[in-house]
Amino acid sequence: MTLIKSISGIRGTIGGTVGDNLTPIDAVKFASAYGTWLKQQRDKTDYKVVVGRDARLSGDMIQNLVMNTLVGLGIHVVDLGLSTTPTVEIAVPMEHADGGIILTASHNPKQWNALKLLNAKGEFLDGAEGQKILEIAESDSMTFAEVDDLGEITKNDAYIDIHIDEVLDLEYVNQKAIQNANFKVVVDGVNSTGGIAIPLLLERLGVEAVKLYCDPTGHFPHNPEPLKEHLGDLSNEVKKHNADFGIVVDPDVDRLAFMDENGEMFGEEYTLVACADWVLSQNPGNTVSNMSSTRALRDVTEKHGGTYQASAVGEVNVVTLMKKNNAVIGGEGNGGIIYPESHYGRDALVGVALFLSLLAERKLSVSELRKTYTSYFMSKKKIELTPTLDVDAILKAMEEKYSHEDLTTIDGVKIDFAESWAHLRKSNTEPIIRIYTEAKSQTEADSLADKIISEIKTIANI
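Conventions used here
- Residues numbered from 1 in each chain as written.
- Predicted model: local features only at pLDDT ≥ 70, side-chain atom pairs only at ≥ 80, totals over all residues.
- Heavy atoms only, no water.
- Helix = DSSP H or I, 4+ residues; strand = E, 2+ residues; numbered from the N terminus.
- Expected span 1.5 Å × (residues − 1).
- Buried < 20%, exposed > 50% of the residue type's maximum accessible area, 1.4 Å probe, protein only.
- Arc of directions from axis to C-beta.
- Contact = heavy atoms within 4.5 Å.
- Axes fitted to C-alpha atoms, helices over the stretch in contact; angles between N-to-C directions.
- Parallel < 35°, antiparallel > 145°, perpendicular 65-115°, else oblique.
- Pairing = 2+ DSSP bridges.
- Core = buried A, V, L, I, M, F, W, Y, C linked by side-chain atoms within 4.5 Å.
- Disulfide = S-S within 2.5 Å.

> In this structure, what is going on with helix 15 (residues 442–460)? I would like to understand it.
Within an α-helix, residues lying three or four positions from one another point in the same direction, as the helix has 3.6 residues per turn. With 19 residues, helix 15 should cover 27 Å at 1.5 Å per step; its first-to-last C-alpha distance of 27 Å lies within 8% of that length. Taken together, the buried positions of helix 15 are occupied by A445, L448, A449, I452, I453, E455 and I456. Angular distribution of buried residues about the axis of helix 15 spans 160°; they occupy a single face of the element. With respect to the buried face of helix 15, the exposed residues turned more than 90 degrees away are T443 and T458. In this structure, the buried residues of helix 15 make contact with strand 16 (377–384), helix 14 (391–401), strand 18 (413–416), strand 19 (421–426) and strand 20 (432–439). Following helix 15 by one or two positions, N461 adopts a phi angle in the positive range, close to 55°.

> Could you clarify how one ought to interpret the packing of helix 9 (residues 269–282) against helix 10 (residues 296–303) in this entry?
Relative placement of two packed helices is described by the angle separating their axes and the distance separating the axes. With their axes 9 Å apart at the nearest point, helix 9 and helix 10 run at an angle of 10° to one another. Comparing the axis directions of helix 9 and helix 10 gives the class roughly parallel. Contact residues: helix 9 offers Y270, L272, V273, A276, D277 and L280, while helix 10 offers A296, L297, V300, T301 and K303.

> It is not clear to me how helix 5 (residues 159–168) should be interpreted in this structure. Could you clarify?
All of the buried residues in helix 5 are Y159, I160, H163, I164, V167 and L168. Turning to helix 5, the residues buried within the fold contact strand 4 (75–82), helix 3 (85–94), helix 6 (175–181), helix 7 (194–204) and helix 12 (348–362).

> Which parts of the structure should I look at to understand the side chain of S192?
The topology assignment puts S192 in the loop between strand 8 (184–188) and helix 7. Setting aside chain neighbours within four positions, we find S192 in contact with D54, A55, D215, P216, F220 and P251.

> Can you walk me through the sheet that holds strand 20 in this structure?
Note on sheets: strands pair through backbone hydrogen bonds, and any given pair is parallel or antiparallel. With antiparallel pairing, the five strands of this open sheet are ordered in space as 16-20-19-18-17. The sheet terminates laterally at strand 16 and strand 17 (406–408), the two strands that pair on one side only. The mean angle between the axes of side-by-side strands here comes to 15°, regardless of whether they run parallel or antiparallel. Bridging between strand 16 and strand 20 involves eight bridges; their strand directions are antiparallel. If you follow S379 over to strand 20, its bridge partner there is T437. Lying on the sheet, helix 14 is in contact with strand 17, strand 18, strand 19 and strand 20; it crosses strand 19 at an angle near 160°. Packed onto the sheet, helix 15 meets strand 16, strand 18, strand 19 and strand 20 and runs at close to 25° relative to strand 16.

> Hey, could you run me through the nonpolar core in this one?
Soluble globular proteins: nonpolar side chains tend toward being buried together. By size, the foremost hydrophobic cluster in this structure holds 58 residues, and its most contacted members are I247, I329 and F355. The greatest single-element share of this core, amounting to 11 residues, is contributed by helix 12. Not counting residues up to four positions away in its chain, the partners in contact with I247 are V185, V186, V187, D188, I198, L202, L234, L256, A257, F258 and V352. Formed by 31 residues, the second largest nonpolar core is a distinct cluster that contains L3, L22, F30 and V49.

> How do you make sense of the state of the cysteines when you look at a structure like this?
Think of a disulfide as a covalent bridge from one cysteine sulfur atom to another cysteine sulfur atom. Counted according to the given criterion, the structure contains zero disulfides. Free cysteine: C214, not disulfide-bonded; nearest cysteine sulfur from C275 at 19 Å.

Pasting the structure below:
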C-alpha cells in the first residue's frame, strides 16, 4: 500500500492511513492544492474544471470528493462521469475550462486510483507545475470560498460521442474504405470505459464489434495492463469468432494494443509504429517517442524521409519534444498514440481509427502487416523497491560500469549497443525500477535484461 506523488499526478491505493495511501483526506488535499494552483494562473471571477473518471470501483467516491472540493474553492465543475482520459483532454479546451482532472490509475490494478491533472489546453502539467502543486499541498496554503461564492457542478455525458465525432473528422481517417472492408473485431474493454467508447467508435465506422468485458463495472477480469500474458481470453475469442483482429485498451483508454487474426499479439510497441506508418505515408514528417520505445519507429520514420528523436519517459516529455520538432505523430511504446491533428494526448480512439485506415488501404491481414516491419523483441522487467534501496546510487554505478558505451542519462540510464539497448529508470507511477531491453530476438532481449538485473542486485547487495 502506498501513495506516490509525482509530476504524473497523485497515485495511490485506496484505504489505509492518511499520507501513506490515497485516502479521502489525501484526495481532498491534492484536489485543493490543484484548485489553488489553478486560481493562481489567472485572476478572474469564474473558474471551470472538467472532471471525468474510468470505471474502477473507487472512482465514484474519489470523483465526488474531488468535485466537491473544487466547489468549495469556488470553482465550477463540468462532470463527465464515466469517461476516458483522452475524452477529458479534448473536453477541456472545448469547454473553455481552466483545467481538467481524470480519476484513473491507468493500468494499475483495482485497488489503485489517481488524480491526473491537466492544464487549460487539456494537456498534462509539466514538472515545474506539478512540483508547485505538491508544495501547495504540503504547506496547506489553501483558502476556500465563502458560501455565496461556491462553485456549481454541471453534468455533461455527451463528450464520448463528441470525441468520436472529432476522430471521424480527422483527415487521414478513411471512413469509406473502413466501411467497405467489412471488418469484424473483438474488443476487450477490461470492464472499464473503453467498453463504452471503442464499440461506439467501431459502430460509427461500420465495423462489427464483438464485445468482451465491455461492461463498465470496474471489476477488472484480468490484470488491466494490456500485455500478452493477461490476454488469453481475447486470443480465444478472436479465433472463435474468426475475427480480423482484436483490440484491447487499458482502463482509461490511452493505451492500445492489437491482436492478429491468429490470436497472436501484434506487439504493443508496434501500435505506434503502424499508426505512424499510415500517417507518414500521407503526410511525411518527424516523429517522437520515449527512449523506452522500440527502434522500429525510427526505421519507419526514416523510410518516409523524416527524422526520429527520443524523449525522456512520460507523456509530457514526449509532447514537449513533439512540439519542438514539429512531429506529425508520436507517442509511447506502451501503445500510446499522440496525434497533434487531434490533440496532444495519448488516445486509443485515434489509434484505432488510424490503424483501421491503414489495414483497409493496404488490404493486408494484421499478421501480414506485422511482417512488413523490422522485428525487434523487447523485455520489460522490474525490481521492487524497498526503503533501503538507494536508486540514484544504483543508477550512477551502472552509468559508470557502462561509461564506454553510448549512454543517455536524461531519464535514468539508457545504454545503446550496436544491436540492442537497455534502459534502467525509476518508475513515476509505481515503487519499482523498470528495466527495458530490446534486441533482434526475444532470447537476446531477455538475456540482456537478466544480466542487467543481476548486476543491479550485486551493486545493491540484494
